[in-house]
Amino acid sequence: MEVFLGNIGRKLNREILQFAYNWQIIRPVGKPVVFQIELTNHCPMTCQMCPRTHAMERPLGYMSAETFRRIIDQATQGTSGVFMHHFGDSLLHPELRELIRYATDRGIRTYLSANPVLLTKQRIEALVDGGLHEIVLSLDGLTSETSQAVRGRAARNVELAERRVRELISYRKQRGSKSPYIILQIVRQKQNVHEIPAWLEKWQKVPGVDRVKVKSYVTWDGTQEEINSLRLDPSEIDSNLVCDKPWTSIVVLWDGRVVPCCFDYDGINSLGSLQEQSLTEIWHGERLAALREAHKKGNLSNIKLCANCTDKEGYPVKRLTYPLNRFTQSQSGIGDEWRQE
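Residues numbered from 1 in each chain as written. Predicted model: local features only at pLDDT ≥ 70, side-chain atom pairs only at ≥ 80, totals over all residues. Heavy atoms only, no water.

Draft legend 1. Up close: the nonpolar core. Membership of the largest hydrophobic core comes to 85 residues, with the highest contact counts inside it found for I37, F68, L127, I135, L137 and W203. When residues of this core are assigned to their parent elements, the largest contribution, six residues, is made by helix α7 (residues 158-174). Other than its neighbours up to four places away in sequence, L137 contacts A114, P116, L119, V165, L168, I182, I183, L184 and Q185. One finds A20, Y21, W247 and A289 within the second-largest nonpolar core, a separate group that totals nine residues. (Core = buried A, V, L, I, M, F, W, Y, C linked by side-chain atoms within 4.5 Å. Buried < 20%, exposed > 50% of the residue type's maximum accessible area, 1.4 Å probe, protein only. Helix = DSSP H or I, 4+ residues; strand = E, 2+ residues; numbered from the N terminus. Contact = heavy atoms within 4.5 Å.)

Draft legend 2. Summary view of helix α12 (residues 286-297). For α12, spanning 12 residues, the distance from its first C-alpha to its last is 16 Å, which sits close to the expected 16 Å at 1.5 Å a residue. Residues of α12 that are buried: L288, A289, L291, R292, A294 and H295. Looking at the buried positions of α12, the neighbouring elements they touch are α10 (245-248), β7 (250-252), α11 (279-283) and α13 (304-307). Phi turns positive, to about 75°, at G298, one or two residues after α12. (Expected span 1.5 Å × (residues − 1).)

Draft legend 3. How the structure looks around the packing of aromatic side chains. All told, the structure shown has eight aromatic pairs when counted by the stated rule. Where F35 meets F83, the ring centres are 5.0 Å apart and the plane angle is 45°; that geometry is what we call tilted. A residue pair is termed long-range when its members are at least 10 positions apart, and F35 in strand β1 (residues 34-37) and F83 in strand β2 (residues 81-83) qualify at 48 residues. Its relative accessible area of 25% is what places F35 among the partly exposed residues. Between F83 and Y111, the ring centres sit 4.9 Å apart and the planes meet at 25°, which makes this aromatic pair stacked. Taken together, the positions of F83 in strand β2 and Y111 in strand β3 (residues 109-114) put the pair 28 residues apart, joining distant regions of the chain. Judged by relative accessible area, F83 falls into the partly exposed class, the value being 25%. Chaining the aromatic ring pairs together yields one cluster made of F87, W220, F263 and Y265. Of note, R106 hangs over the ring of Y102, and the distance from its end group to the ring centre comes to 3.5 Å. Above the ring of W283, the side-chain terminus of R292 is found at 5.0 Å from the ring centroid. (Phe/Tyr/Trp six-rings, centres within 6.5 Å; stacked < 30°, edge-to-face > 60°. Lys NZ or Arg CZ within 6 Å of the ring centre and 35° of its normal.)

Draft legend 4. Region of interest: empty space enclosed by the protein. Here the structure, examined in full by the defined rule, presents one cavity of 30 Å³ or more. In this structure, the largest cavity spans a volume of roughly 70 Å³. (1 Å grid on protein atoms, 1.4 Å probe; cavity = no way out; pocket = protein on both sides within 12 Å on 5 of 7 lines; lining within 4 Å. Points joined across faces, edges and corners; volume = space filled by probe spheres on them.)

Draft legend 5. Examining unusual backbone geometry more closely. Between S179 and P180 the backbone carries a cis peptide bond, its omega angle lying at 5°. As for its position among the elements, P180 is in the loop between α7 and β5 (181-187). Here the phi dihedral of Q24 falls at roughly 55°; this positive angle occurs in a residue that is not glycine. When its relative accessible area of 2% is taken as the criterion, Q24 is described as buried. Backbone geometry places K318, a non-glycine residue, at a positive phi of 60°. Mapping K318 onto the fold places it in the loop between α13 and α14 (324-328).

Coordinates in, geometry out; function isn't part of it.
Structure (structure tokens):
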């Protein structure tokens, strides 16, 4: 009953925040929603489409279990599910199993995006036995040559990556578990577009892969030409769209700093730190209120994270047709599935 009531409360909170976004209320009464928790920003990959490779300057580290537990304890009233990654590969965190289990036991679904080559036996067991809800595995080439071109030398062994995907499927079956739900994805970009048809044909036939996905390309904060140049398709997001992120969620970096969205790779727009404040204090704080005000008025030229973004999410706001506009006019540029017209 407690879990059921908790889920009802979180759904109600989501609706409160969506209402505030539509009407551009600067200080919504809802509770904070944590979208991502960065367990670490360590990663062996040097992905050409990732700002971590080209521009990240902040120190590397691992989130402490104490900080993680504090985030989850403060987030349970507003957060239904959390992505346990940001700009690093969380499979590297030594306490991964325990952290997944802690969130799961408190009714928060856990999601992870990772590189399959890192799926050792111990890590596979951590994911399945820890209760991970869903995992997205990025395999960005059919051949080692293409995979290396996209994600660097650490991703060059495609045969090993493919074998470890199958080992995850096998262990999940052995344990009689339906989770984690396994999504295999390829990020559509200039280096690998020629292999996508054959990649799809291959992986759509593999039993145990629950979904195969071609991920749309994003350019993060839009400031890195190395990243922008790999995009095949122009953004179709309405440039006048008000981004919904300041109203709907926040992201926590490994050191406890809070940032407004999953594009903030370097703590560019820090909203506060959980070493000094609570989630609620940050959610209702002046920095986030000022960010909402800037988005509401379209005054983003001085906000580095947002000024050049072409991949924001949202829908036309200030509409009397709410919530119809939310469900019929929603636009998304953050990692949605690419579909050929």
